[in-house]
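Coordinate inspection notes
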Amino acid sequence: MQASLQAKHNSGAANWQTRLREWWFRHRSLIGFVFIAPWFAGLIIFDVMPFIYNLYLSFTDYQIGTRGAPPWIGLDNYIKIFTEDKFFSKSMYNTVYYLGFSVPLRLFLAFFIALILNLRVRGMQIYRTLFYVPSVVPLIAATVIFAGLLNTRYGMINQLFVLVGIPPVRWLSSPDWIKPSLIILSLWGFGAQMIIFLAGLQSIPQDLYEAAAIDGGGSLRRLRHITVPLMTPTIFFNLLIGVIGGFQVFLQVFVMIDTNGGPLQAGLVYMLHVYNKAFRDFEFGYAAALSVILFLIIFFFTVALVYSSNRWVYYGDEESNEA
Amino acid sequence: MKLSGLVRLAIVLGMLLALGLMPAAAQSCDGEMINLEFMNWWGAAREAYMDELISHFQAENPCISIENQVQPWDNRAELLATAAASSNPPGIIMTTRPETYQFAMSGLIIPIDAFVEQHGTDLSVFYDGEIGIQYWNGELYGLPMPTAGGLTSLFMYNKQLMAAAGFDPESPPETWQELEAMAAAITVGDPLGVDVLGVSPFATDTDFVNWLYTNNGKYVSDDARTLLYNSAEGVETLEWMINLTNTINGGVENITDFYQDASLPEGDHPWYDSELAFMSINTSHFGHFNVNRPELYADTSYWGTMLRPYNGENPEATHAGVTGYGFSGGWAYTIPKEHPPEMQEAAFKFAEFIGTHELGGCAFLFKQGRPSPVKACNENQAYYDVNPYWGVVLAGLETDTPVPITPVQGQLAEILRNHIEEAFFGMKSAADALNDAAAEGQAILDEFWAEFDAGM
């Protein structure tokens, strides 16, 4: 009797354990949800909710000091942006000019340096560290340093130019040179992209290169037919992040030039215009509308890039994988 | 024993005497303590002066504690806007005139007329122009300190550069024409632009308005409803500024480069190195000069002070300064609406101390060698010891003309500045620049007044 009860008990416990294991197996994704819950809460509280509120404000005449619900004005802010605001188009032009040059140049530079740092050379760890260190310098510090370097009269760059007989460049005082100066500054922090490229390069199987070498493929051919195609996912990622960041350029101009964007507003980038509308003119509703437009533009570019990636980004031989 | 008793008595009397002589800061508060955060921009050497002012105030008001929160200039607008609009703003805020008007319009700060009446504050101690510009829509929102005047009417000049160019260093230029002739003789170029600069009109709305008034022009009508700067005087002024910049200084970019990273308060400026002959100043520059280069400041064979030259070819023109335009337009100490009445009253007491008390703004500005908006403070003869050109400073204050502005002044200034820049860069004529700016600015001004009148 005693043994029978014990067996029944053991059998019940085993069933219970089995059921628990099965339940856990069926709901194993729950643990993932638990782990991402803090991030998800942050996303909702700090991104989604402000975004929705910002969207709402963009349809209002929200001024500093408004208590209670701000006056609803429908699409007035948007109409004003597209019909009356000459700094909208100017700041958008400056921003697109900036990212049109800075993003490809930075990608190219980061990729090129990553290729060099991927070589098997003695002391390579030191070189990698040296190239990455500038990325660790805070952007504001780098900007201040560049402002000194680019000073027309006392900056090191112009002093060198004069020494070798090149006419000095008015980096920060000429409307023609402000955007190139910002682009040069943007190249400074290429280290983060370089590291991603380097990781991508190291994940390319060596046997592909060996096979190409056996078939007589030289360095350039290997680069063109193996490295670049296999690096397209990394290039795509860096391009996407670069475009998004390029549209949001602000700090460099704010620190190195001024809130007006320098002579003839040559450096008036879009985010600076948003900032001026919010914190100089205290037109928060209008600034919110400008932000929404920027969001839509970035969204459009992101979707376009993702869509285009089907044509040029190589994600592996999916058909053979399925087989 | 008797001697010992006398000694003890003497000690007690001494202690009592000492207590009597000690500043009232030692007094304790017998009521509820009120803590005020004082948001201000009195940084650099002025921070210590402000601390001293606060200690004097607290000595007289032991139940009010002031926390001196000096703010950085970077992100100023952002800091101020978020602080003022928050549900827990600072107890008292140092605001520029456009900000005072904006916050008053938005209902973020309170008018102080009731406190003035309740405390019997004598507003007649201020220059009329100084207190006058702190009113918005008929209500007073702050007491001034420092002056809004004296910011544009004065120039410092370098006597050594004048003498080297063959001019009498004790006879600074009176007119535009004299200034131009001297600047042409003094200015020296180099491959990187300008090495020694005579004088520089700036491609900004502020400098244009400053020069405009020395050509008998006006920025706006007295009721602040009509922009007037695109007058014949305005066009003549801008043409003169551009012509001088192009012919003597080699273009506007040279000027930007010359002043790149220059800072008088931080002691890094061509003025200190005898590379600049005539420099438009505001009265804070005396203090900065004295702090950074005391030996040079004391040497009056190096520098002098003069009034801003006027257009000698315009018989109506004379020396003139502008009050209430420019960046600050007249600083004031404003009281946020969010706080309970007892905090607001404490804030007013502090504002009143800053504005009118001998140990307040009066002493604070004296230490910097700059004038006070309180007339009596400036009559202190000791000013001549602190500032060797005090007589010129007072004469400059006399020439100041108040400029009426509105809460949309920031936008109007931006429009004017942008068009002036285009004229300096040769993209349009002076007349077109001013006409375009006036047309654009007037539309904003009309819209503002239409809304304002509708809300009345």
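Residues numbered from 1 in each chain as written. Chains lettered and ligands numbered in written order. Predicted model: local features only at pLDDT ≥ 70, side-chain atom pairs only at ≥ 80, totals over all residues. Heavy atoms only, no water.

The number of helices and strands found in chain B is 20 helices and 14 strands. Against the globule reference of 23 Å for 456 residues, chain B gives a C-alpha radius of gyration of 25 Å, in line with a compact fold. Summed over its atoms, the accessible surface of chain B is roughly 18100 Å², and 54% of this surface lies on carbon and sulfur atoms. Considering chain B, the positive charge centre built from 17 side chains and the negative charge centre built from 61 side chains are found 10 Å apart. (Helix = DSSP H or I, 4+ residues; strand = E, 2+ residues; numbered from the N terminus. Rg over C-alpha atoms; globule rule 2.2 N^0.38 Å. Areas by Shrake-Rupley, 256 points an atom, 1.4 Å probe, with all protein chains shown as cover. Lys, Arg positive; Asp, Glu negative; His and termini not counted. Charge placed at Lys NZ, Arg CZ, Asp CG, Glu CD.)

To continue, consider unusual backbone geometry. Residues and elements named next belong to chain B. In this chain, Met-145 is followed by Pro-146 through a cis amide linkage whose omega measures 0 degrees. Inspection of the secondary structure puts Pro-146 in the loop between strand S6 (143–144) and strand S7 (154–158). Phi is positive for Asn-216, which is not a glycine, with a value near 60 degrees. Tracing the chain through its elements places Asn-216 in the loop between helix H9 (205–213) and helix H10 (232–247). Residue classification places Asn-216 among the partly exposed positions, given a relative accessible area of 38%. Here Ser-274, not a glycine, exhibits a phi torsion of approximately 55 degrees, which is positive. Checked against the element boundaries, Ser-274 lands in the loop between helix H11 (252–258) and strand S10 (278–281). (Buried < 20%, exposed > 50% of the residue type's maximum accessible area, 1.4 Å probe, protein only.)

To continue, consider the interface of chain A and chain B. Listed by partner, the interface residues are 33 residues for chain A and 36 residues for chain B. In total, about 3000 Å² of surface goes out of reach between chain A and chain B, with carbon and sulfur atoms giving 47% of it. A per-residue breakdown of the area chain A buries against chain B is headed by A:Ile64, A:Arg153 and A:Leu264, which together make up 22% of the total. On inspection of chain A and its partner chain B, the count reaches six salt bridges. For B:Glu440, the salt bridge identified is with A:Lys86, shortest N-O distance 3.4 Å. Taken together, the connections running from chain A to chain B amount to 19 residue pairs in polar contact (both at pLDDT 80 or more). With four residues, helix H13 (residues 270–280) of chain A is the largest single contributor of residues to the side of chain A that touches chain B. Looking at the side of chain A that touches chain B residue by residue, the class counts come to 15 nonpolar, 10 polar and eight charged. (Contact = heavy atoms within 4.5 Å. Buried area = accessible area lost by both parts, 1.4 Å probe. Salt bridge = Lys/Arg side-chain N within 4 Å of Asp/Glu carboxyl O. Polar contact = N/O pair within 3.5 Å; in protein donor to acceptor, adjacent residues only side chain to side chain. Nonpolar A, V, L, I, M, F, W, Y, C, P; charged D, E, K, R; others polar.)

Quick look at the state of the cysteines now. Working definition of a disulfide: a covalent bond connecting the sulfur atoms of two cysteines. Residues and elements named next belong to chain B. On inspection of all chains with the given rule, the structure shows two disulfides over all chains. With its sulfur 2.1 Å from that of its partner, Cys-29 forms a disulfide with Cys-63. Here the disulfide of Cys-29 and Cys-63 is right-handed, its torsion about the S-S bond being about 100 degrees. Within this pair, whereas Cys-29 is found in the loop between helix H1 (2–21) and strand S1 (34–40), its partner Cys-63 is found in the loop between helix H2 (46–60) and strand S2 (64–70), the two being separated by 34 residues in sequence. In this structure Cys-29 comes out as partly exposed when scored by relative accessible area, which is 25%. The disulfide partner of Cys-362 is Cys-377, and the gap between their sulfur atoms is 2.0 Å. (Disulfide = S-S within 2.5 Å.)

Right, let's talk about the pattern of salt bridges for a bit. As enumerated under the stated definition, the model contains 18 salt bridges over all chains in all. The shortest N-O distance in the salt bridge between B:Asp257 and A:Arg170 comes to 2.6 Å. Here B:Asp257, found in helix H11, pairs with A:Arg170, found in the loop between helix H7 (156–163) and helix H8 (178–187), and the two come from separate chains. Classification of B:Asp257 as buried rests on a relative accessible area of 1%. When the shortest N-O distance is used, the salt bridge between B:Glu422 and B:Lys428 registers 3.0 Å. B:Glu422 sits in the buried class, given a relative accessible area of 14%.

Quick look at the sheet that holds S7(B) now. Residue and element names in this part refer to chain B. Pairing within the open sheet is antiparallel, and its three strands lie in the order S10-S7-S11. Both edges of this open sheet fall to S10 and strand S11 (303–307), since each of them pairs with a single strand only. Neighbour-to-neighbour, the strand axes of this sheet turn through a mean angle of 30 degrees, independent of strand direction. Of the pairings in the sheet, the one linking S7 to S10 comprises four bridges and is antiparallel in character. Bridge pairing links Phe-155 to Ser-280 in S10. Most of the contacts of helix H12 (residues 284–292) go to S7, to which it runs at about 35 degrees, and overall it touches S7, S10 and S11. (Pairing = 2+ DSSP bridges. Axes fitted to C-alpha atoms, helices over the stretch in contact; angles between N-to-C directions.)

Moving on, we come to H10(B). All names here are of chain B. Its 16 residues place the ends of H10 22 Å apart at the C-alpha level, agreeing with the 22 Å of an ideal helix rising 1.5 Å per residue. Of all the positions in H10, only Gly-234, Val-235, Thr-237, Leu-238, Trp-240, Met-241, Ile-242, Leu-244 and Thr-245 are classed as buried. In this structure, the buried side of H10 is in contact with helix H8 (176–186), H9, H11, helix H19 (409–424) and helix H20 (430–455). (Expected span 1.5 Å × (residues − 1).)

In this section: the sheet that holds S2(B). Residues and elements named next belong to chain B. In space, the five strands of this open sheet follow the order S2-S1-S3-S13-S6, with mixed pairing throughout. The outermost strands of the open sheet, each flanked by one partner alone, are S2 and S6. With three bridges connecting them, strand S3 (residues 92–95) and strand S13 (residues 332–334) associate as antiparallel partners. Its bridge partner being in S13, Met-94 is matched across the sheet by Tyr-333. Along the sheet face, helix H3 (residues 76–85) touches S1 and S3 and points at about 145 degrees away from the line of S3. In the packing of helix H4 (residues 97–106) onto the sheet, the strands contacted are S3 and S13, and the crossing angle to S3 comes to about 130 degrees.

We now examine the domain arrangement of chain B. All names here are of chain B. Domains assigned within chain B are domain 1 (30–148 + 328–402) and domain 2 (154–325 + 404–455). For domain 1 versus domain 2, the separation of C-alpha centres amounts to 27 Å. Listed by partner, the interface residues are 31 residues for domain 1 and 31 residues for domain 2. When domain 1 packs against domain 2, close to 2500 Å² is buried across both sides, 65% of that on carbon and sulfur atoms. Here domain 1 is connected to domain 2 by zero salt bridges. Counting across the interface, domain 1 meets domain 2 through nine residue pairs in polar contact (both at pLDDT 80 or more). Counting only elements with at least two residues in the side of domain 1 that touches domain 2, the list comes to H4, helix H18 (390–399) and strand S14 (400–402). By residue class, the composition of the side of domain 1 that touches domain 2 is 15 nonpolar, 11 polar and five charged. (Domains from an automatic or database assignment.)

Taking burial as the measure, the nine residues of H9(B) include eight buried ones, the bulk of the element. Turning to H9(B), its buried residues number three or more, namely B:Asp205, B:Asp207, B:Phe208, B:Val209, B:Asn210, B:Trp211, B:Leu212 and B:Tyr213.

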